[in-house]
Amino acid sequence: MPIPSLPAEGGCRCGRVRLRISAKPLLTMACHCTGCQKMSSSAYSLSAAIPADGFEITKGEPVIGGLHGASKHYFCGYCMSWMFTRPEGLDWFVNLRPTMLYDPAWFTPFVETWTSEKLPWAETPALHSYAALPAFEEYDGLVAEYAKSQA
């Protein structure tokens, strides 16, 4: 299902932090790594890679949580919803948790990663699966294929 008209808005569970996206996702993913399992309290985390210039916080101030490492995981400081991640060294996009949008029904993971750590029963409809992460040189092709699938 294609993304709804832009801009699209959303926020954390309590509504103290709100956001807006004005650019289509570059790629959508499900991550099965054990870190994402713990942070999401689920079998996997979902993310939509949004170009950084198409992402903005419109209300509130998210806080950094998770491991406080090189990649920054942002949460609402009150309800503790995991909202988005800014991966280290990749400043040109933000990994948004798509369920933070008011209408996440359009979201389907196109790629799933870290299937080597997935729970045995966890399945997604992703078209591409990787035991770890795709090789860096594969991303351009995946982004192009995803864009074509959304046209």
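Presented here is an overview of the structure given in this document.

**Topic: the pairing of strand S8 (residues 82-86)**
1) Next: Counting buried positions over the five residues of S8 gives four, a clear majority of the element.
2) Next: Where strand S7 (residues 72-75) lies against S8, four bridges are found, and the strand directions are antiparallel. Across the sheet, Phe 75 pairs through a bridge with Trp 82, a residue of S8.
3) Next: The hairpin turn running from S7 into S8, its antiparallel successor, is six residues long, and Met 80 in that turn takes a positive phi close to 65°.
4) Next: Inspection of the sheet shows S8 paired to strand S9 (residues 93-96) by two bridges, in the antiparallel sense.

**Focus on the nonpolar core**
1) Next: Ranked by internal contacts, the top residues of the largest apolar core, which has 26 residues, are Ile 21, Phe 55, Met 83 and Leu 96.
2) Next: Going through the elements one at a time, strand S2 (18-21), strand S3 (27-31), strand S4 (45-51), S8, S9 and helix H2 (139-150) are the ones with two or more residues in this core.
3) Next: Those residues in contact with Leu 96, other than ones at most four positions away along the chain, are Leu 19, Ile 21, Leu 46, Ser 47, Ala 48, Ile 50, Phe 55, Met 83, Phe 84 and Leu 101.
4) Next: Of all hydrophobic cores here, the second largest spans five residues; its members include Cys 33, Cys 36, Phe 75 and Trp 82.

**Some points on the sheet that holds S2**
1) Next: Pairing in this open sheet of three strands is antiparallel, and the strands run S1-S2-S5 from one edge to the other. Every other strand in the sheet has two partners, leaving strand S1 (8-11) and strand S5 (55-59) as the edge strands with one partner each. Strand-to-strand, the axes of this sheet are offset by a mean angle of 30°, without reference to chain direction.

**Structural notes on the pattern of salt bridges**
1) Next: Applying the stated criterion across every chain yields a total of three salt bridges.
2) Next: For the salt bridge of Glu 9 with Arg 20, the shortest nitrogen-to-oxygen distance reads 3.0 Å. Of this pair, Glu 9 sits in strand S1 while Arg 20 is found in strand S2, placing the two residues 11 residues apart along the sequence.
3) Next: Using a relative accessible area of 36% as the deciding quantity, one classes Glu 9 as partly exposed.
4) Next: Overall, the relative accessible area of 25% leaves Arg 20 in the partly exposed class.
5) Next: Here Glu 56 makes a salt bridge to Arg 20, at a shortest N to O gap of 3.2 Å.

Criteria and cut-off values
- For every chain, the first residue of the written sequence is number 1, and numbering continues from 1 along that sequence.
- With pLDDT at 70 or above as the cut-off, local features in this predicted model cover only qualifying residues; side-chain atom pairs require 80 or more to be listed or tallied, and sums for whole chains, interfaces and linings still use all residues.
- With hydrogens and water set aside, each side-chain value is computed from the structure's full complement of heavy atoms.
- Only protein chains enter the accessibility calculation, which uses a 1.4 Å probe; a residue whose area is less than 20% of its type maximum is buried, one above 50% is exposed, and one in between is partly exposed.
- Secondary structure elements follow DSSP: runs of H or I of four or more residues count as helices, runs of E of two or more count as strands, with numbering from the N terminus.
- Paired strands are those between which DSSP finds at least two bridges.
- To define a nonpolar core, start from buried Ala, Val, Leu, Ile, Met, Phe, Trp, Tyr and Cys residues and group those joined through side-chain atoms within 4.5 Å.
- The contact criterion used throughout is that any non-hydrogen atoms of two residues lie within 4.5 Å.
- Only the stretch in contact is used when a helix axis is fitted, and all axes are lines through C-alpha atoms; the angle between N-to-C directions ranges over 0 to 180 degrees.
- For this document, the term salt bridge refers to a Lys or Arg side-chain nitrogen within 4 Å of an Asp or Glu carboxyl oxygen.

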